[in-house]
There are 2 protein chains.
Amino acid sequence: MLRVITSLSDIKQSIKIFKGNQVSIGFVPTMGALHEGHLSLVRQAKTENDRVVVSIFVNPLQFGKNEDFTQYPRTFDSDCELLSKEGVDIVFNPKAPEMYPDGFCTSVLLERLEDKLCGKSRPGHFRGVAVVVLKLFNLINPDIAYFGQKDFQQTVIMRRMVADLNLGVNIKVLPTIREIGGLALSSRNAYLGETEKKDAICLYKSLIKAQTMVNSGTKNFGEIKAEMEKIINNCKSAKIDYISIVNPETLEAVPEVHNGDVAALAVRIGKTRLIDNIILIFFIAIMFLSSYS
Amino acid sequence: MLRVITSLSDIKQSIKIFKGNQVSIGFVPTMGALHEGHLSLVRQAKTENDRVVVSIFVNPLQFGKNEDFTQYPRTFDSDCELLSKEGVDIVFNPKAPEMYPDGFCTSVLLERLEDKLCGKSRPGHFRGVAVVVLKLFNLINPDIAYFGQKDFQQTVIMRRMVADLNLGVNIKVLPTIREIGGLALSSRNAYLGETEKKDAICLYKSLIKAQTMVNSGTKNFGEIKAEMEKIINNCKSAKIDYISIVNPETLEAVPEVHNGDVAALAVRIGKTRLIDNIILIFFIAIMFLSSYS
């Protein structure tokens, strides 16, 4: 039976009972407006833990002044229906005044990671993400927390924060779920008109182009970027925020691609800012390795 | 039997065993060079918890570039002797490369609290304090953590951090321990020459002056500060860093003293920077309240 918990004292109490019974806890933090991407995390959490907690909290601290906090889709009732079907135990739906009471002033800063990629056009965003996830970890005390690869920079920051702060949480990152055309699922896709949704496929197409170029031996970032830009600039409604290929731990831009580096981009389709990424794999390296197995 | 633990995996293991046995843990974070101030915290921890853990770690992150990190007194063996006599269970003495491995980049920022008082002349100091204490809390998982009132701003920041991050740690602050003349005990007193040590009493004298003025009805900060300055400036070796009276939660300077506000100061005696503070009590308010009890 799905329980909806809103107060901090109630969630603490429930977690205390779980811990007393020595059951393992899987945790999926979300902002609601759930789609198959979220549900894939929930299903994985179900298979690996005794209990699953999903948080739904549109976190004001991770939105900039001119961003879409007020418009962000809120579909709490249908979210709960979906989670109930998946056999989730607890939906934690805290209220902002209890999460951030008067006098609240702590933020968590990951220097060198928070100001790159999306951090450049969304200053303060990752501080807001880091502090809310840290609070949720402290309240829920999960054994494993699940994140989607779509939010690549977020996953890098989460892993680093957990290591740096000695949090006993295992971070698992699961693959991006896509529509048939390749568009990465995102709650923000709800903002797209019909034509825009078709245009939005250019993000994925450009990432596939990057992988194809790597497959055929191109390693120079400038050459790859130029081809990616061509694909995106072919869409009238698209405006590039950034295209980058980075080291998957440091987020440092790489001039030459190495196996496992990540091509990441943010593109505005009309007024909607979308992100996507791909882990660039050297297939030759894989074949080489597999010949030893 | 006192156990000295240096590795992070060993402390996690020991804490896991404590938690499995459902024993309560009292924690005293220190930088070593222990004195009666630290020992008063340890003794209180002993009376209130099943097990007591003391950390000894001269935390590089909380020292500025031109500060006394390398000179800071290190007396590990005699510290352990003292703690053994007090019946402490574990001394946790981690090494900096394991606390801050390559790639470490997380800091904890308490806006509006970290840049006041000592934060002005020690930029970055409280970020370093906050992150190391957060790491230690996550590793040691204490029920109660003990701090001395002498480090007043630190105690305010610790309380705020614990509340803001939903850490399940009870913060207890115990009174400053003083020498007979009134000098607050501090590991940095070891830097003082004989004459300087006598001069250093001016900090306490000026705080007592503030309380005396409040007792006789003076509430104006400017008037109180002028008298405090006179006392300190009478000492040739003394140079005021700051004198302030602040709200004990927000650390905002107050122009007029309220009951419970804190007079805090930092003064250089020769090359040694010392801090001290006093909670200003309105004795009339206490008498008024006690007439109802």
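Residues numbered from 1 in each chain as written. Chains lettered and ligands numbered in written order. Predicted model: local features only at pLDDT ≥ 70, side-chain atom pairs only at ≥ 80, totals over all residues. Heavy atoms only, no water.

**Considerations on the sheet that holds strand E10 (residues 272-279) of chain A**
Residue and element names in this part refer to chain A.
Argument step 1. Here we have three strands laid out as an open sheet, ordered E8-E9-E10, and antiparallel in their pairing. Of all strands in the sheet, those bounded by a partner on one side alone are strand E8 (238-246) and E10. Here the strands of the sheet are splayed against their neighbours by 15° on average, with no regard to which way each runs.
Argument step 2. Where E8 meets strand E9 (residues 262-269), eight bridges bridge the pair, whose relative direction is antiparallel. By the bridge assignment, Ile240 is partnered in E9 with Val267.
Argument step 3. Along the sheet face, helix H10 (residues 221-233) touches E8 and E9 and points at about 155° away from the line of E8. (Pairing = 2+ DSSP bridges. Helix = DSSP H or I, 4+ residues; strand = E, 2+ residues; numbered from the N terminus. Axes fitted to C-alpha atoms, helices over the stretch in contact; angles between N-to-C directions. Contact = heavy atoms within 4.5 Å.)

**Some remarks on the relation of the copies chain A and chain B**
Argument step 1. After a rotation of 180° and a shift along the axis of 0.0 Å, chain A superposes on chain B with an RMSD of 0.0 Å. Between the two chains, the operation in question is that of a two-fold axis. Of the C-alpha atoms belonging to chain A, the one lying closest to the rotation axis is found on Val108 of chain A, 2.4 Å away.
Argument step 2. Here 100% of the contact residues of chain A are again contact residues in chain B; the copies associate through an equivalent surface. (Least-squares fit on C-alpha atoms with pLDDT ≥ 70 in both.)

**Here we look at helix H2 (residues 36-48) of chain A**
Residue and element names in this part refer to chain A.
Argument step 1. Here H2 contains 13 residues, and its C-alpha end-to-end distance of 18 Å stays within 8% of the 18 Å for a straight helix at 1.5 Å per residue.
Argument step 2. Looking only at H2, the buried set comprises Gly37, His38, Leu39, Ser40, Leu41, Val42 and Ala45.
Argument step 3. On its buried side, H2 packs onto strand E2 (25-30), strand E3 (51-56), helix H3 (76-85), strand E6 (144-148) and strand E7 (170-174). (Expected span 1.5 Å × (residues − 1). Buried < 20%, exposed > 50% of the residue type's maximum accessible area, 1.4 Å probe, protein only.)

**What about the packing of helix H9 (residues 201-215) of chain B against helix H10 (residues 221-233) of chain B?**
Angle between the axes and distance between the axes: these two values describe a pair of packed helices.
All names here are of chain B.
Argument step 1. It is the contact of H9 with H10, at a shortest axis distance of 9 Å, that shows an interaxial angle of 150°. By the criterion of interaxial angle, the relationship of H9 to H10 is roughly antiparallel. Viewed along their axes, H9 and H10 form a crossing whose handedness is right-handed. Taking contact as the criterion, the partners of Cys202, Lys205, Ser206, Leu207, Lys209, Ala210, Met213 and Val214 in H9 are, on H10, Glu223, Ile224, Glu227, Met228, Ile231 and Ile232.
Argument step 2. A breakdown of the residues in the contact of H9 with H10 according to their chemical character gives nine nonpolar, one polar and four charged. (Parallel < 35°, antiparallel > 145°, perpendicular 65-115°, else oblique. Left-handed = near helix turned anticlockwise from the far one by under 90°. Nonpolar A, V, L, I, M, F, W, Y, C, P; charged D, E, K, R; others polar.)

**Points about the side chain of Asp276 of chain B**
Residue and element names in this part refer to chain B.
Argument step 1. Looking at the secondary structure, you find Asp276 in strand E10 (residues 272-279).
Argument step 2. Asp276 gets classed as buried once you look at its relative accessible area, which sits at 3%.
Argument step 3. At 2.8 Å, the side chain of Asp276 forms a polar contact with the side chain of Arg178.
Argument step 4. Beyond its immediate stretch of four places on either side in the chain, Asp276 contacts Arg178, Gly182, Ala184, Leu203, Tyr204, Leu207, Ala263, Ala264 and Leu265. (Polar contact = N/O pair within 3.5 Å; in protein donor to acceptor, adjacent residues only side chain to side chain.)

**Thoughts on the environment of Gly168 of chain A**
Residues and elements named next belong to chain A.
Argument step 1. Mapped onto the secondary structure, Gly168 falls in the loop between helix H7 (152-164) and E7.
Argument step 2. Between the alpha carbons of Gly168 and Lys16 there is a distance of 16 Å; along the sequence they are 152 residues apart.
Argument step 3. Residues contacting Gly168, with those up to four places away along its chain left out, are Pro142 and Asp143.

**Quick look at the pattern of salt bridges**
Working definition: two side chains of opposite charge can pair if their charged atoms are close together.
Argument step 1. Here the structure, examined in full by the defined rule, presents 30 salt bridges over all chains.
Argument step 2. Here Glu67 of chain A ties to Arg122 of chain A by a salt bridge, and the two come within 2.6 Å at their closest N and O atoms. Note that Glu67 of chain A is positioned in the loop between E3 and H3 and Arg122 of chain A in the loop between helix H5 (118-121) and helix H6 (125-140), a separation of 55 residues in sequence.
Argument step 3. Glu229 of chain B is the salt-bridge partner of Lys225 of chain B, the closest N and O atoms lying 4.0 Å from each other. Remark: Glu229 of chain B and Lys225 of chain B occur in helix H10; sequence separation between them is four residues, near one turn of the helix.
Argument step 4. Connected through salt bridges with shared partners, the residues Glu36, Arg43 and Glu86 of chain A form a single ionic network. (Salt bridge = Lys/Arg side-chain N within 4 Å of Asp/Glu carboxyl O.)

**Remarks on the pairing of strand E7 (residues 170-174) of chain B**
All names here are of chain B.
Argument step 1. Pairing between strand E6 (residues 144-148) and E7: five bridges, direction parallel. Across the sheet, Gly148 pairs through a bridge with Leu174, a residue of E7.
Argument step 2. Viewed along the sheet, the connection from E6 through helix H7 (residues 152-164) into E7 turns out right-handed. (Right-handed = clockwise from strand over helix to strand, strands pointing away.)

**Some thoughts on the state of the cysteines**
Argument step 1. Under the definition given, this model contains zero disulfides over all chains.
Argument step 2. Left unpaired, Cys202 of chain A is separated from the closest cysteine sulfur, that of Cys235 of chain A, by 3.8 Å. (Disulfide = S-S within 2.5 Å.)

**Some details on the pairing of E10 of chain A**
Residues and elements named next belong to chain A.
Argument step 1. Extensive coverage of E10 is indicated by the burial of six of its eight residues.
Argument step 2. Two strands pair when backbone bridges link them, and E9 and E10 are joined in this way by eight bridges, in the antiparallel orientation. Each residue of the ladder has a partner; that of Ile269, found in E10, is Thr272.
Argument step 3. In textbook terms, the turn of a hairpin is the stretch between consecutive antiparallel strands, and for E9 and E10 this stretch comprises two residues, one of which, Gly270, has a positive phi near 60°.

**Comments concerning the nonpolar core**
Argument step 1. Core analysis: the largest hydrophobic core is formed by 101 residues, its most contacted members being Phe137, Ile140 and Met161 of chain A together with Phe137, Ile140 and Met161 of chain B.
Argument step 2. In contact with Phe137 of chain A, other than residues within four places in its own chain, are Phe27, Pro142, Ala145, Phe147, Val162, Leu167, Val169 and Ile171 of chain A. (Core = buried A, V, L, I, M, F, W, Y, C linked by side-chain atoms within 4.5 Å.)

**Re the interface of chain A and chain B**
Argument step 1. Every contact between the two is made by 25 residues of chain A and, on the other side, 25 residues of chain B.
Argument step 2. Both sides of the chain A and chain B interface together cover about 2,200 Å² of buried area, and 48% of this is carbon and sulfur.
Argument step 3. One can count zero salt bridges joining chain A with chain B.
Argument step 4. Here chain A and chain B share 18 residue pairs in polar contact (both at pLDDT 80 or more) between them.
Argument step 5. Contributing elements (two or more residues each) for the side of chain A that touches chain B: strand E5 (106-110), H6 and H7 of chain A.
Argument step 6. With six residues, the single largest contributor to the side of chain A that touches chain B is H6 of chain A. (Buried area = accessible area lost by both parts, 1.4 Å probe.)

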